[in-house]
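Here are the chains, one letter per residue:
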Amino acid sequence: DARLADYFDVIGGTSTGGLLAAMITTPNETNRPFAAAKDIAPFYFEHGPKIFQSSGQNSGPIYDGKYLMHVLQEKFGETRLHQALTEVAISTFDIKTNKPVIFTKSQLAKSPELDAKMYDISYSTAAAPVYFPPHYFVTNTSNGDKYEFNLVDGGVAAGNPSLLSISVATKLAEEDPAFASIKSLNYKQMLLLSLGTGTTSEFDKSHTAEEAAKWGILQWMLPLQEMTSAASSYMNDYYLSTVFQALDSQNNYLRVQVSPNLIIIIIIGNLHKSH
């Protein structure tokens, strides 16, 4: 009955990886993760065709998101962030405030409005602009006031959430004795496994300067988005590789980039767990 949440201290993700992070950390009725790793691929094969069914509308997002929300509500029920079985770091972006919103358990004491239902968090992190509608929902502040979210895909904020996950772990070191070994940025006491989905540059056509010189704003819109996403992923890996090597901890960081675009999930494990 071993599960990933038993072995890792921080499990983070963005976009579809945020959904997967929720799947392997959200408890079922027996307080165990409702999904094992082996359940993830069947979940996508079973529900993918209905999730990615065209809305049939001439305007608006390609998919209406209704089936995706239905499945998430069915799977997660009324479970909220504070019930996650380990620390999570799931990124979203609020289009009303123009700021990233990061859902982590460790911030709930200071920001109780983040204690959203897991299906709201999961839909939001996967609500890619153009593909799915943004997600609006309301929670409560510490004063009982209503707090509004207007969220889209976490990839807008963190295409590769590895640095985000490192930051969450580092903040925990200031408050949680279990993370004390990394309080002084002791990377030798931290293990980082970063699993990517490949980048658009691996399977989309490339462009030449001569070709792009003729583009206007409309022609640049999609390629620029893809280039920015690819660059963000590469640069996160570059920064982390540099830091781990500089601190003589290069064997404690592994980046695995796969293709086609199926899964993105970042998992951080602290060495204090001795399973």
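These numbers come from a predicted model, not from an experiment.

Definitions and limits used
- Residues numbered from 1 in each chain as written.
- Predicted model: local features only at pLDDT ≥ 70, side-chain atom pairs only at ≥ 80, totals over all residues.
- Heavy atoms only, no water.
- Buried < 20%, exposed > 50% of the residue type's maximum accessible area, 1.4 Å probe, protein only.
- Helix = DSSP H or I, 4+ residues; strand = E, 2+ residues; numbered from the N terminus.
- Pairing = 2+ DSSP bridges.
- Lys, Arg positive; Asp, Glu negative; His and termini not counted.
- Salt bridge = Lys/Arg side-chain N within 4 Å of Asp/Glu carboxyl O.
- Polar contact = N/O pair within 3.5 Å; in protein donor to acceptor, adjacent residues only side chain to side chain.
- Contact = heavy atoms within 4.5 Å.
- Phe/Tyr/Trp six-rings, centres within 6.5 Å; stacked < 30°, edge-to-face > 60°.
- UniProt positions renumbered as here; feature names shortened; annotations may be inferred.
- Arc of directions from axis to C-beta.
- Core = buried A, V, L, I, M, F, W, Y, C linked by side-chain atoms within 4.5 Å.
- Patch = residues over 30% accessible without salt bridge, like charges linked within 9 Å, V, L, I, M, F, W, Y side chains within 5 Å.
- Areas by Shrake-Rupley, 256 points an atom, 1.4 Å probe, with all protein chains shown as cover.

Quick notes on the pairing of strand β2 (residues 87-94)
Stage number 1. Counted residue by residue, β2 has eight buried out of eight residues, so it is predominantly covered.
Stage number 2. Covered by surrounding structure in β2 are E87, A89, S91 and F93 together with V88, I90, T92 and D94, the residues of both alternating faces.
Stage number 3. Note that strand β1 (residues 10-14) and β2 share five bridges and pair parallel. Counted as the bridge partner of G12 is A89 from β2.
Stage number 4. In this sheet, strand β3 (residues 99-103) lies alongside β2 in antiparallel orientation, the contact comprising five bridges. By the bridge assignment, D94 is partnered in β3 with K99.
Stage number 5. In this structure, β2 lies alongside strand β5 (residues 146-152), joined through two bridges in antiparallel fashion. Within β5, the residue paired with F93 across the bridge is V152.

Section: the side chain of R255
Stage number 1. Residue position: R255 is located in strand β7 (residues 253-257).
Stage number 2. D237 is the oppositely charged side chain nearest to the buried, salt-bridge-free R255, at an N-O distance of 5.1 Å.
Stage number 3. Among the polar contacts listed, one links the side chain of R255 to the side chain of S194, at a separation of 2.6 Å.

Things to note about the environment of S15
Stage number 1. Among the structural elements, S15 can be located in the loop between β1 and α1 (16-23).
Stage number 2. Between the C-alpha atom of S15 and that of P161, which follows or precedes it by 146 residues, the distance is 9.8 Å.
Stage number 3. Beyond its immediate sequence surroundings of up to four residues, S15 is in contact with T125, A126, D153, G154 and G155.

As for the packing of aromatic side chains
Stage number 1. Per the stated rule, a full pass over the model turns up 14 aromatic pairs.
Stage number 2. Look at F43 and Y44: their rings are 5.6 Å apart centre to centre, the planes differ by 80°, and that puts the pair in the edge-to-face class.
Stage number 3. Between Y123 and F132, the aromatic rings sit 6.5 Å apart at their centres with planes inclined by 70°, giving edge-to-face as the arrangement. You'll find Y123 and F132 in the same group, each marked buried.

Observations concerning the UniProt feature "active site" (unreviewed entry) in the protein
Stage number 1. Using the residue numbers shown here, the UniProt feature "active site" (unreviewed entry) corresponds to S15 and D153. For the annotated residues, spread through 139 residues, the largest C-alpha to C-alpha distance comes to 5.5 Å, consistent with a single compact locus.
Stage number 2. For D153, the position within the fold is in the loop between β5 and α5 (162-172).
Stage number 3. If near-sequence neighbours (up to four positions away) are discounted, D153 is found in contact with S15, F93, S124, T125, A126, A127, A128 and P129.

Here's the deal with helix α2 (residues 40-51)
Stage number 1. Looking at α2, one finds that the buried residues are I40, F43, H47, G48 and I51. Along α2, the residues classed as buried sweep out an arc of 130° about the axis, all on the same side. More than 90 degrees from the buried face of α2, the exposed residues found are F45, E46 and P49.
Stage number 2. Those residues of α2 hidden inside the fold are in contact with α1 and α3 (66-76).

Quick word on the nonpolar core
Stage number 1. In terms of nonpolar packing, the biggest core is built from 36 residues, with M23, F76 and F103 touching the most fellow members.
Stage number 2. With near-sequence residues (within four places) excluded, F103 lies in contact with L81, V88, A89, I90, T92, L114, A116, I121, F137, F149 and L151.

Some thoughts on the environment of D1
Stage number 1. The topology assignment puts D1 in the segment before β1.
Stage number 2. Taking the C-alpha atoms as reference points, D1 and E113, separated by 112 residues in sequence, lie 33 Å from one another.
Stage number 3. Excluding its chain neighbours within four sequence positions, the residues that come into contact with D1 are D6 and R32.

Points about a nonpolar patch on the surface
Stage number 1. Together, L163, M235, Y238 and Y239 give the surface a local cluster of nonpolar side chains, amounting to about 390 Å² of exposed area.
Stage number 2. Among the elements that line the nonpolar patch, the one with the most residues is helix α7 (residues 217-246), at three residues.
Stage number 3. Mapped onto the secondary structure, Y239 falls in helix α7.
Stage number 4. For Y239, a relative accessible area of 42% translates into the label partly exposed.

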